[in-house]
Amino acid sequence: SYKDGVLTLKNFTGKLNSSIVVQGAVAGDLTIKLIGDNTITPYDTGIQGIGSGGSITITADSGSNGKLTINMPNSERSVFGINGYASSVTIKGSADVTIIATATATNQESYGIKSSKAVSILDSASVSITCKTPNSSSRSDSCNGIYSDTGVTINTGGTIQIDVHEAGDEAYSYGINSMGTLTLTKVGEMTVKWKKNKAGTQGAPLSPAEEFNSTA
């Protein structure tokens, strides 16, 4: 159901190639409230923001068992679990979000969450992201769990699991890749798997990594 900017998903299973899209010429805010186990299976983008800005928030109340799985297992285009464009992306409350983003064609990219604005995981939310790109020697493709031009904040008692190690030899494989700040205040448990590119010049679990032990 949808009312006043809040989309409530309750034990929802979307049709094949279904997605959630924010539309409009002006900045818009969308809150997705999860109740029970929900699944969407888009072709290449699960949740899509807009270039005019605003926010995308995924949340769940405590005790609601609110889960969302975004599964793109076989896309010949670049894949995005959540593509905020100029919309910030926040996952909070007790939300449990799983993203599987597999690009099968060469010279394509894979992102779990991407935004030019801030990406935040807060409260007790949990996020699991798996991104895959095929091998390609002709281009440095991106295989990023979370990417932001502005900054990434993790302050959650939940679990963060990111796996981007199945990337092409020339891929830029980053667990979390922030062009701005990277703030890790609290996390219940965090696991990141990544892969250096063939030249050994690109790829890391966390970037920027100055404040963290990136080899742990």
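The rules behind each value
Residues numbered from 1 in each chain as written. Predicted model: local features only at pLDDT ≥ 70, side-chain atom pairs only at ≥ 80, totals over all residues. Heavy atoms only, no water. Helix = DSSP H or I, 4+ residues; strand = E, 2+ residues; numbered from the N terminus. Buried < 20%, exposed > 50% of the residue type's maximum accessible area, 1.4 Å probe, protein only. Contact = heavy atoms within 4.5 Å. Core = buried A, V, L, I, M, F, W, Y, C linked by side-chain atoms within 4.5 Å. Pairing = 2+ DSSP bridges. Axes fitted to C-alpha atoms, helices over the stretch in contact; angles between N-to-C directions. Salt bridge = Lys/Arg side-chain N within 4 Å of Asp/Glu carboxyl O. Disulfide = S-S within 2.5 Å.

## Quick word on the environment of His165
Relative to the elements of secondary structure, His165 occurs in strand β18 (residues 159-166). By relative accessible area, His165 is classed as partly exposed at 34%. The sequence separation of His165 and Ala27 amounts to 138 residues, and the corresponding C-alpha distance is 35 Å. When neighbours within four sequence positions are excluded, His165 is seen to be in contact with Lys193, Trp194 and Lys195.

## Notes on unusual backbone geometry
Note that the residue after Ser207, namely Pro208, is joined by a cis bond; omega there is 0°. With respect to the helices and strands, the residue Pro208 is situated in the segment after β22 (204-207). Residue Asn11 is not a glycine yet carries a positive backbone phi of 50°. One can find Asn11 in the loop between β2 (6-10) and β3 (13-16). In this structure, Asn17 takes a positive phi of about 70° despite not being glycine. Relative to the assigned elements, Asn17 resides in the loop between β3 and β4 (20-21).

## Quick word on the nonpolar core
Residues Ile32, Ile47, Ile58, Ile99, Ile113 and Ile146 are the most contacted members of the largest nonpolar core, which totals 45 residues. No other element matches strand β12 (residues 96-103), which puts four residues into this core. Those residues in contact with Ile99, other than ones at most four positions away along the chain, are Ile70, Met72, Gly81, Ile82, Gly112, Ile113, Ser128, Ile129 and Thr130.

## Points about the sheet that holds β18
Across the sheet, which stays open at both edges, the seven strands sit in the order β3-β6-β9-β12-β15-β18-β21 with parallel pairing between neighbours. Single-partner strands in this sheet number two, and they are β3 and β21 (189-193). Between one strand and the next, the sheet's axes are offset by a mean angle of 10°, whatever the strand orientation.

## Details of the pattern of salt bridges
Counted according to the given criterion, the structure contains four salt bridges. Of the charged contacts in the structure, one is a salt bridge between Lys33 and Asp61, with a shortest N-O distance of 3.1 Å. In this pair, Lys33 sits in strand β5 (residues 28-35) while Asp61 sits in the loop between β8 (54-59) and β9 (67-75), placing the two residues 28 residues apart along the sequence. With relative accessibility at 28%, the residue Lys33 sits in the partly exposed group. Residue classification places Asp61 among the partly exposed residues on the basis of a relative accessible area of 41%.

## Some remarks on the pairing of strand β15 (residues 126-132)
Most of β15 is tucked away: five of the seven residues are buried. Direction of pairing for β15 relative to β18: parallel, over a ladder of five bridges. Its bridge partner lying in β18, Thr130 is registered against Asp163.

## Overview of the sheet that holds strand β14 (residues 119-123)
Pairing between sheet strands relies on hydrogen bonds along the backbone, with the strands arranged either parallel or antiparallel. Sheet architecture is open: eight strands sit in the order β1-β2-β5-β8-β11-β14-β17-β20, paired in mixed fashion. Two strands lie at the open edges of the sheet, namely β1 (2-3) and β20 (181-186), each paired on one side alone. Bridge analysis of strand β17 (residues 151-156) against β20 gives five bridges, and the strand direction is parallel. Looking at the pairing, Thr153 lines up with Thr183 of β20.

## A look at the pairing of strand β13 (residues 110-115)
Two faces, one strand: in a regular strand the side chains alternate between the faces of the sheet. Here β13 lies mainly inside the structure; five of its six residues are buried. The pairing of strand β10 (residues 79-83) with β13 spans four bridges and is classified as parallel. Residue Phe80 lies in a different strand from β13, and its bridge partner there is Tyr111. Pairing between β13 and strand β16 (residues 142-148): five bridges, direction parallel.

## Description of the state of the cysteines
Inspection of the entire model under this criterion finds zero disulfides. Left without a disulfide partner, Cys131 is nearest to the cysteine sulfur of Cys143, which lies 5.2 Å away. Judged by its relative accessible area of 1%, Cys131 is buried.

So, to be careful, I would describe these as geometric facts and stop short of saying anything about function.
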